[in-house]
Amino acid sequence: DSGVTQTPKHLITATGQRVTLRCSPRSGDLSVYWYQQSLDQGLQFLIQYYNGEERAKGNILERFSAQQFPDLHSELNLSSLELGDSALYFCASSVGLTQETQYFGPGTRLLVL
Amino acid sequence: GQQVMQIPQYQHVQEGEDFTTYCNSSTTLSNIQWYKQRPGGHPVFLIQLVKSGEVKKQKRLTFQFGEAKKNSSLHITATQTTDVGTYFCAGPASGTYKYIFGTGTRLKVLA
């Protein structure tokens with residue numbers, strides 16, 4: 001158990017819908033990262049927040065947005081969902097801003113029908 | 001944009017054989033990390049290398065960071081069935097906070 005929690009574990013929804021994925025980092029970690037992993041694919045970095053502020057952006061679509069709240073939990077919002085958005089979404093956390101070990105949560109498996 | 005490639009993409013070995021995966025970045029990495037993802041699981045941190053030419057060992061695993069800090073390797077001696085999974089390298093490009101993960105090498109160990 002990495003100490004990072006993600007909810008829900010599984011999500012099934014339809015195209016065009018909007019979903020919110022939630023992540024609670026390890027106690028004491030200030031950075032939260034979001035990754036997308038499609039079937040048999042690598043990890044695509046989406047976005048990083050540090051202490052409530054966006055610090056790095058990767059290949060995140062405009063339909064996706066994220067935020068980190070004062071209690072340091074984070075949410076990833078996915079809207080106007082398409083079939084291709086079906087994937088495993090991981091959240092990871094680390095103590096600091098950069099060059100830190102990342103601890104991954106169990107992931108949320110999203111299926112868009 | 002920056003790319004981190006790993007070879008091979010897949011490797012099947014007999015239990016007891018050695019295994020090596022190679023990681024190549026198109027740009028210099030300030031450090032490199034290795035993660036292991038078991039089937040159905042999440043990535044788990046293995047090790048971080050920071051210095052040029054650094055070599056670190058963890059039991060049967062040997063990690064190396066290239067002199068130019070653009071490549072790295074992970075070698076497993078005498079593989080066991082517990083080594084099954086996908087091995088990823090990752091690192092932030094120098095001067096950025098963005099983490100780039102390699103394409104991964106999926107290892108299957110046949111008993």
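The preceding data block contains the structure.
Definitions and limits used
Chains are numbered independently. Their residues run from 1 in the order of the written sequence. Chain letters start at A and ligand numbers start at 1, both assigned in the order the entries are written. Thresholds applied to this predicted model are a pLDDT of at least 70 for local features of residues and 80 or more for the giving and counting of side-chain atom pairs; totals over whole chains, interfaces and linings are not thresholded and use all residues. Side-chain measures here rest on the full set of heavy atoms in the structure, leaving out hydrogens and waters. Note on pairing: two strands pair once DSSP finds at least 2 bridges between them. The way it works is that DSSP assigns letters per residue, a run of H or I at least four long becomes a helix, a run of E at least two long becomes a strand, and they are numbered from the N terminus. Axes here mean lines fitted to C-alpha atoms, for a helix over just the part in contact, with angles spanning 0 to 180 degrees between N-to-C directions. Note on ring pairs: Phe, Tyr and Trp rings are taken, using the six-membered ring of Trp, and paired if centres are within 6.5 Å. Classes follow the plane angle, with under 30 degrees stacked, over 60 edge-to-face and the rest tilted. When accessible area is computed with a 1.4 Å probe and restricted to protein chains, residues below 20% of their type maximum are described as buried, those above 50% as exposed, and intermediate ones as partly exposed.

Visitor: Whenever I open this one, the sheet that holds strand S8 (residues 74-78) of chain A confuses me. Can you help?
Guide: Within a sheet, each strand pairs with its neighbour through backbone hydrogen bonds, oriented either parallel or antiparallel. Residues and elements named next belong to chain A. Overall, antiparallel pairing links the four strands, which are arranged S1-S3-S8-S7 in an open sheet. The open sheet is flanked by strand S1 (5-7) and strand S7 (64-68), the only strands paired with a single partner. Averaged over all pairs of adjacent strands, the angle between their axes in this sheet comes to 15°, without regard to strand direction. Pairing between S1 and strand S3 (residues 19-24): three bridges, direction antiparallel. Along S3, the bridge assignment pairs Thr 7 with Arg 22.

Visitor: Looking at this model, I keep getting lost on the sheet that holds strand S3 (residues 19-25) of chain B. Mind explaining?
Guide: All names here are of chain B. Read across the open sheet, the five strands follow the order S1-S3-S8-S7-S6; overall the sheet is antiparallel. The outermost strands of the open sheet, each flanked by one partner alone, are strand S1 (4-7) and strand S6 (55-58). Within this sheet the neighbouring strands show an average axis-to-axis angle of 15°, counted without direction. Bridging between S3 and strand S8 (residues 71-76) involves six bridges; their strand directions are antiparallel. Among the inter-strand pairings, Thr 20 is bridged to a residue of S8, identified as His 75.

Visitor: Please clarify how the packing of aromatic side chains should be interpreted in this entry.
Guide: Any two aromatic rings considered together are summarised by their centre-to-centre distance and by the angle between their planes. Counting across every chain of the model gives 13 aromatic pairs over all chains. Residues Phe19(B) and Tyr87(B) carry aromatic rings whose centres are separated by 6.0 Å and whose planes lie at 45° to one another, so their mutual orientation is tilted. Here Phe19(B) is found in strand S3, whereas its partner Tyr87(B) is found in strand S9 (residues 85-92), with 68 residues between them in sequence. One exposure class covers both Phe19(B) and Tyr87(B), and it is buried. What links up through ring pairs into an aromatic cluster is the set Tyr35(A), Phe45(A), Phe90(A), Phe104(A), Tyr35(B), Phe45(B), Phe88(B) and Phe101(B).

The analysis is restricted to geometry; functional conclusions fall outside its scope.
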